[in-house]
Amino acid sequence: MLDHRLIRDDVALLRDAMTRREKLDVYGPLIDEAVSLDRERRQSITRVEERKAERNRVTQEVGKRKKAGEDATELQAQARAIGDEIANLEAQLTVTQERLDELLLGIPNLPLADVPAGDESHNVVLRTWGTPRAAESVAPHWDVGERLGLFDLPRGAKVSGSGFIVYRGAGARLVRNLMTLMLDLHTTEFGYEELWVPVVVNRATMTGTGQLPKFAEDMYALEEEGLFLIPTAEVPITNLYRDEILGADELPKAMCAYSPCFRREAGSAGKDTRGLLRVHEFDKVELVRYCAPEDGEAQLELLLSHAEAVLQRLGLPYRVVLLAAGDTGFASAKTYDLEVFAPGVGKWLEVSSCSLFTEFQGRRANIRFRPAPGEKPRFVHTLNASGLAFPRIIAAILEHYQQPDGSVLLPEALQRIHGKDRLG
RNA sequence: GGACAGGUGGCCGAGUGGUUGAAGGCACCGGUCUCGAAAACCGGCAUACCGGCAACGGUAUCGUGAGUUCGAAUCUCACCCUGUCCGCCA
């Protein structure tokens, strides 16, 4: 959520940000409406509070008179009349307030100055690590997986539906190995606290990180309970300190967790639907950081390096992409994507998104810190990164490490954990 | 799921209808004292919003939401959460 003050004091900045996202046509009218509602709201508040102050005066006088044994019926009638007036004014104010909140919760974050303007065609490949393998004679991962019995797509579809994967044998073991590899790396080498979090969360939590109210249709919901399946562990982890005030010595805070992730992928039918590329449930290790506002950009670079380290340990060629404003997520101010090369499908696959949310989530979730004893609390800045998403990593491993004999050599870092040097 | 008990400021804890934003204590900050520190003593110490250049003024907040009342931390109802016991269960 954006600061109310932007609506009041710097609409130009807001409009410029939406222009860079190429969304001014969508958000321009909403911003205009918010500006006028904000004005209306403040006038209403002033009026209501004047009346309340008046009622408080009268009411206290009633108390005094009663205590003195005097009659107060006239004052009581007066207070009642004021009370009715307040009820009316407040009803109006509530309508204004609710609409304004709805608008403010629906406006995306402001991209940082160094984020290129425009849609995804303006994304910038910053660097490439490793050498992508030539695509000739490399089978796509779904062929390899089926042949080696690593996963069972038809039966996944039978028990759940298309886009739900059953891993089997060495494939299932590989999932568990990836979890171990990533969590061990982040906790022992990079100082993250390991968490194990619920995958079902409530509405307030989903609102805190920005999934609600705008993206309800992307999520699986448990209607009866008013609960939702998480699309990423970012949601429960970032919300851990919702409505709390941290000490300055607790920042930066670094937490990580494995979790399954659930996405309806509504509206993406037909896109990358084969194999493991786009599924409704997948596994991921997620990294989350909180920091002081002035540290955000440095923390993002650090976070990016932690996500990259996983790919380097796995020996998978990848590239780092700085997303243009129009491709940057709703809550994010700046995002780097990590894309791994899968020679079997001949594509760069997004396996991590590393984002700085500035105070957008901190404000929504009311996560603050006190810079120094006695000082006013400020919103923390939040960051997160996938570190990393499993299915596309598995796809990349099956394709990049394919051997002429049909087996798949495992990256050294996985061999130790897996107990064998290859699949098949 | 059933029966009780309970949810008050960073923490502990008073407070059952009228200057109670809320006693007291701890923690924290500033000061006195001290060579220094501790102790002791003095003072300060919530958050958000509205108005104001500011000083400051106002409003709201005692789990959440409704209600009763001139007036609610205090009374009523619903819900949420925590604890204990019972039942069920991986």
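Treat the numbers as computed from the prediction; the structure is a model and nothing was measured. (Residues numbered from 1 in each chain as written. Chains lettered and ligands numbered in written order. Predicted model: local features only at pLDDT ≥ 70, side-chain atom pairs only at ≥ 80, totals over all residues. Heavy atoms only, no water.)

## A short note on helix α5 (residues 141-148)
And step 1. If you check which residues of α5 are buried, you get His141, Trp142, Val144 and Gly145. Seen end-on, α5 carries its buried residues on one side only, within an arc spanning 160°. Residues of α5 that are exposed and point more than 90 degrees away from the buried face comprise Glu146 and Arg147.
And step 2. Taken together, the buried residues of α5 touch α12 (390-400) and β15 (408-409).
And step 3. A positive phi of about 70° marks glycine 149, the residue just after α5. (Buried < 20%, exposed > 50% of the residue type's maximum accessible area, 1.4 Å probe, protein only. Helix = DSSP H or I, 4+ residues; strand = E, 2+ residues; numbered from the N terminus. Arc of directions from axis to C-beta. Contact = heavy atoms within 4.5 Å.)

## Some thoughts on the protein's contact with RNA strand B
And step 1. Taken together, 21 residues lie near RNA strand B, and Arg8, Thr46, Glu49, Ala79 and Arg80 sit nearest.
And step 2. Counting only the atoms of RNA strand B that lie within 4 Å of the protein, the sugar and phosphate share comes to 70%.
And step 3. Contacts to RNA strand B include glutamate 49, whose side-chain N or O atom sits 2.8 Å from a base nitrogen.
And step 4. Examining the composition of the surface near RNA strand B, we find that twelve residues originate from one element, helix α3 (residues 24-67), more than from any other.
And step 5. Broken down by class, the residue content of the surface near RNA strand B amounts to six nonpolar, five polar and ten charged. (Near = heavy atom within 4 Å. Polar contact = N/O pair within 3.5 Å; in protein donor to acceptor, adjacent residues only side chain to side chain. Nonpolar A, V, L, I, M, F, W, Y, C, P; charged D, E, K, R; others polar.)

## As for the nonpolar core
And step 1. Core analysis: the largest hydrophobic core is formed by 61 residues, its most contacted members being Leu311, Leu316, Leu338, Leu388, Phe390, Ile393 and Ile394.
And step 2. When sequence neighbours within four positions are dropped, the list of residues in contact with leucine 388 reads Met182, Asp283, Lys284, Val285, Ala307, Val310, Leu311, Leu338, Val351, Ser352 and Ile393.
And step 3. Counting 22 residues, the second-largest nonpolar core is a separate cluster that includes Ile31, Ala34, Leu103 and Ile107. (Core = buried A, V, L, I, M, F, W, Y, C linked by side-chain atoms within 4.5 Å.)

## So, unusual backbone geometry
And step 1. Along the chain, leucine 212 connects to proline 213 via a cis peptide bond; the corresponding omega equals 5°.
And step 2. Considering the arrangement of structural elements, one finds proline 213 in the loop between α8 (203-209) and β4 (221-222).
And step 3. Cis peptide bonds are those with omega within 30 degrees of zero, and the linkage from glycine 387 to leucine 388 qualifies with 10°.
And step 4. Mapped onto the elements of the fold, leucine 388 is located in strand β14 (residues 381-389).
And step 5. Not every positive phi belongs to a glycine, and aspartate 243 is a case in point at roughly 60°.
And step 6. Inspection of the secondary structure puts aspartate 243 in the loop between α9 (234-238) and β6 (244-247).
And step 7. Among the residues examined, aspartate 243 registers a relative accessible area of 52% and is labelled exposed.
And step 8. Located in the positive-phi region is threonine 358, a residue other than glycine, with phi close to 45°.

## What about the domain arrangement of chain A?
And step 1. Taken as a whole, chain A is organised into domain 1 (4-105) and domain 2 (120-423).
And step 2. Inter-centroid distance (C-alpha atoms) of domain 1 to domain 2 is 42 Å.
And step 3. Contacts between the two partners involve five residues from domain 1, matched on the other side by ten residues from domain 2.
And step 4. Contact with domain 2 buries surface across domain 1, with Arg21, Tyr27 and Leu105 losing the most and accounting together for 73% of the total.
And step 5. Connecting domain 1 to domain 2 are zero salt bridges.
And step 6. Here domain 1 is connected to domain 2 by five residue pairs in polar contact (both at pLDDT 80 or more).
And step 7. Of the residues belonging to the side of domain 1 that touches domain 2, the class tally is two nonpolar, no polar and three charged. (Domains from an automatic or database assignment. Buried area = accessible area lost by both parts, 1.4 Å probe. Salt bridge = Lys/Arg side-chain N within 4 Å of Asp/Glu carboxyl O.)

## As for the packing of helix α2 (residues 11-20) against α3
And step 1. Two numbers describe how α2 lies on α3: the axes approach to 9 Å, and their chain directions differ by 160°. Taken together, the axes of α2 and α3 are roughly antiparallel relative to one another. Relative to α3, α2 is oriented so that their crossing is right-handed. Counted together, Val11, Leu14, Arg15, Met18 and Thr19 of α2 and Leu24, Tyr27, Gly28, Ile31, Asp32 and Val35 of α3 form the full contact between these two elements.
And step 2. For the contact of α2 with α3, the residue count by class is seven nonpolar, two polar and two charged. (Axes fitted to C-alpha atoms, helices over the stretch in contact; angles between N-to-C directions. Parallel < 35°, antiparallel > 145°, perpendicular 65-115°, else oblique. Left-handed = near helix turned anticlockwise from the far one by under 90°.)

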